[in-house]
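# Chains, contacts and geometry: an overview
If you want the building blocks of each chain, they are given just below.
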Amino acid sequence: MATSKTNNFATLQRRSVVHRILKDRGDAAVVTGIGNASHDVASAGDDDRNMYLFGIMGGAAMVAFGIAVAQPECRVVVITGDGELLAGIGSLATIGVEKPKNLSILVIDNQAYGATGNQHTHTARGVDLVGIAAASGFDHTALITDNKALEAAMDDIYKKPGPYFAVVKVMTKTGSRVTVPNDGTRTSRRFRKAVAGEDA
Amino acid sequence: MARAATKKLKKKTDWPVDVFRVLKDADVRQVAYVPDAGHTELINLCIADNAVRSVPLTAEQEGVAVLTGAWLGGEAGALLMQSSGVGNVINMLGMANECRIPLLILVTMRGDWGEFNPWQVPMGQATEKALVAAGVIVHRVDDTDRIAETVESAARLAFDAGRMVAVLIGQRVVGVKDWTK
Amino acid sequence: MPAKTKITLDRRKVVARILRDRGDALLVTGLGAPTWDAAAVGDHANNFYLWGGMGGAMMTGLGLALAQPGRRVLVITGDGEMLMGLGGLATVAVQKPANLGICIMDNQRYGETGMQDTHTEFGVDLPAMGRGAGIAETAMVYTSKELDGAIAQLYDARGPVFVNVKVVPKVQPMILPFRDGPSIKHRFRDAVLGET
């Protein structure tokens with residue numbers, strides 16, 4: 001079982017990581033957790049199948065779960081941060097029991113609360129999210145710390161039956177802030193039309 | 001050691017069956033819940049129906065997020081909880097509020113009628129105000145015969161008019177816990 | 001997922017055994033069955049009974065342990081209650097309270113609402129989640145012998161300690177302690193702090 005130490009030795013850059021992940025997305029739907037994750041995803045290019053979340057922590061994984069259940073043929077990918085996931089950690093048990101095959105959860109773990117001043121999160125002090133996911137019932141998990149492992153994960157993220165949970169350890173350095181569409185009334189309808197069809 | 005010897009109120013009604021029918025007519029496909037005694041029959045009806053995905057939650061706020069996801073994916077959902085769970089969902093409601101996501105929440109009340117457990121009273125008494133403060137339309141029902149029609153109205157407001165709506169099913173209806181056994 | 005081990009332990013006997021050696025340890029009990037279990041052993045001024053606040057038992061224990069570093073603090077709660085406050089495992093693990101022992105009476109059921117299955121019935125492993133969070137002292141208990149070892153951990157090991165005892169989902173007689181929150185609070189504080 002993978003364990004995490006501090007990310008003093010993280011070598012991956014979050015923006016490159018997320019862009020690499022999205023490169024293979026095909027027609028997968030993406031839900032972003034609040035903060036840095038939304039910026040990383042938006043900077044790769046806006047997409048109707050992106051649902052960006054803002055302001056409220058802890059809901060990203062369950063939103064993705066609801067989509068995955070409603071659209072079993074659609075691959076649903078969550079790209080979120082460690083702080084956001086920790087705020088809804090019970091979701092892992094709920095999802096681990098339900099085992100949706102088409103759901104992949106990716107935690108871009110910089111071990112900090114980016115939006116509030118980079119205070120340490122619990123993963124900076126030894127909390128192992130991969131271990132928690134495994135204990136919650138996720139049979140497919142990974143701790144990713146280098147590009148080789150990231151490349152190897154693409155099949156798990158998009159093709160193999162899930163649910164899949166991976167932590168990618170990244171450096172603190174962020175990419176530049178971009179404009180992220182934040183009118184939820186608009187992005188939600190856009191997303192629903194793209195994923196569920198015109199008549200939904 | 002005091003024990004509350006409350007009168008056991010009549011609980012046997014068909015309202016869960018009627019409410020289940022309302023949910024089916026509204027094409028509800030996902031039902032999320034934290035187990036609650038008052039909702040037992042309705043939960044069991046959902047679990048027994050293959051066309052409905054029943055999702056047990058570790059905490060109620062997960063359910064607000066699930067229903068948001070369900071709607072984004074094109075499906076209607078319902079969230080079942082006890083009034084104590086309402087306290088857990090307030091922040092997460094902001095997401096559904098801001099995005100204008102239809103939500104149908106069915107709440108069985110505690111701390112409301114004949115309650116023996118003092119610790120249930122604060123949230124029971126705060127439930128309606130907390131939901132309204134969070135932007136949810138609240139329908140109260142304390143009459144067994146009116147539950148199904150109230151849920152039907154709430155479902156229309158939610159799915160046809162795109163609102164967050166909660167039906168509070170009064171403790172008088174759900175039945176007061178009998179602690180004398 | 002490993003094959004299911006048979007569950008045979010009786011929760012009342014388990015809690016009686018745990019509390020037999022409590023000495024001057026402080027006890028917080030999660031709402032529902034764990035509170036009845038403690039009351040069945042016998043009321044005690046060092047017991048803080050919770051009748052609500054589902055998801056908060058372990059964190060209540062944490063605050064108490066941090067406030068009273070010289071006292072052993074025990075939390076006895078249920079699996080459903082623990083599941084509702086899972087983030088607390090990370091919070092506790094980071095704080096590393098040496099004097100805190102958490103014991104889950106895991107009957108894999110929501111006892112107060114009709115014995116519906118909880119997530120532990122389907123394989124969710126709470127001590128493993130505790131280890132994931134960084135809690136080193138954990139145990140999953142199925143047998144009497146394992147219980148003996150776990151009790152030693154709960155009282156003597158450097159905390160935090162997280163023990164999960166699998167118990168039979170049998171409905172026990174309801175033994176209710178007093179439930180007036182202010183009274184419970186005053187009695188407990190007087191016991192811990194001396195009358196203030």
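That block above? That's the structure.
Let us look at the structure shown here. (Residues numbered from 1 in each chain as written. Chains lettered and ligands numbered in written order. Predicted model: local features only at pLDDT ≥ 70, side-chain atom pairs only at ≥ 80, totals over all residues.)

## A short note on the overall build of chain B
Scanning chain B from terminus to terminus reveals seven helices and six strands. The linear arrangement of helices and strands in chain B, starting from the amino end, is α-β-α-β-α-β-α-β-α-β-α-β-α. Here chain B has a C-alpha radius of gyration of 16 Å; the compact-globule value for 181 residues is 16 Å, and the two agree. Along the first, second and third principal axes, the C-alpha atoms of chain B reach 50 × 30 × 30 Å. In chain B, 76% of the contacts between residues at least 6 apart in sequence involve partners at least 24 apart. (Helix = DSSP H or I, 4+ residues; strand = E, 2+ residues; numbered from the N terminus. Rg over C-alpha atoms; globule rule 2.2 N^0.38 Å. Contact = placed C-beta atoms within 7 Å.)

## Overview of the interface of chain B and chain A
Facing 29 residues of chain B, the contacting portion of chain A comprises 30 residues. Listing elements by their share of the side of chain B that touches chain A, those giving two or more residues are β1 (28-33), β2 (53-56), α3 (61-72) and α4 (83-99) of chain B. The leading source of residues in the side of chain B that touches chain A is α3(B), at 10 residues. Grouping the amino acids of the side of chain B that touches chain A by side-chain chemistry returns 13 nonpolar, 10 polar and six charged. (Nonpolar A, V, L, I, M, F, W, Y, C, P; charged D, E, K, R; others polar.)

## Describing the interface of chain C and chain B
Of the residues lining the interface, 19 residues belong to chain C; the matching set on chain B comes to 16 residues. Class assignment of the residues belonging to the side of chain C that touches chain B gives a composition of 10 nonpolar, seven polar and two charged.

## Overview of the sheet that holds β2(B)
Residues and elements named next belong to chain B. Spatially, the six strands line up as an open sheet ordered β2-β1-β3-β4-β6-β5, and their pairing is parallel. The sheet terminates laterally at β2 and β5 (137-141), the two strands that pair on one side only. Here the strands of the sheet are splayed against their neighbours by 20 degrees on average, with no regard to which way each runs. Sheet topology note: the β5/strand β6 (residues 164-169) ladder contains five bridges and is parallel. Each residue of the ladder has a partner; that of R140, found in β6, is L168. (Pairing = 2+ DSSP bridges. Axes fitted to C-alpha atoms, helices over the stretch in contact; angles between N-to-C directions.)

## Some details on the sheet that holds strand β2 (residues 50-52) of chain A
Residues and elements named next belong to chain A. An order of β2-β1-β3-β4-β8-β7 is seen for the six strands of this open sheet, with the pairing classed as parallel. Lying at the two open borders of the sheet, with one neighbouring strand each, are β2 and β7 (140-144). On average, adjacent strands in this sheet sit at an angle of 15 degrees to one another, irrespective of strand direction. Two elements, β7 and strand β8 (residues 164-169), share five bridges in a ladder whose sense is parallel.

## Side note on the pairing of strand β1 (residues 29-32) of chain A
Residue and element names in this part refer to chain A. Where burial is concerned, the two faces of β1 agree: the one with A29 and V31 and the one with V30 and T32 are both buried. As judged from the three bridges shared by β1 and β2, these two strands associate in the parallel manner. In the strand pairing of β2, V30 is matched with N50. For the crossover that starts at β1, traverses helix α2 (residues 36-43) and ends in the parallel β2, the hand is right-handed. (Buried ≥ 20, exposed ≤ 12 C-beta atoms within 10 Å, placed from the backbone. Right-handed = clockwise from strand over helix to strand, strands pointing away.)

## Observations concerning the pairing of strand β4 (residues 103-108) of chain B
Residues and elements named next belong to chain B. When you tally the buried positions in β4, you get six out of six residues, the bulk of the element. Of the two faces of β4, the one holding L103, I105 and V107 and the one holding L104, L106 and T108 are both buried throughout. Of the strand pairs in this sheet, strand β3 (residues 76-82) and β4 are connected by four bridges, and their pairing is parallel. In the strand pairing of β4, L80 is matched with L106. What joins β3 to β4 is α4, and the crossover it makes is right-handed. With six bridges joining them, β4 and β6 adopt parallel strand pairing. Residue L106 lies in a different strand from β6, and its bridge partner there is V167.

Fair warning: the whole summary comes from geometry, so function is off the table for now.
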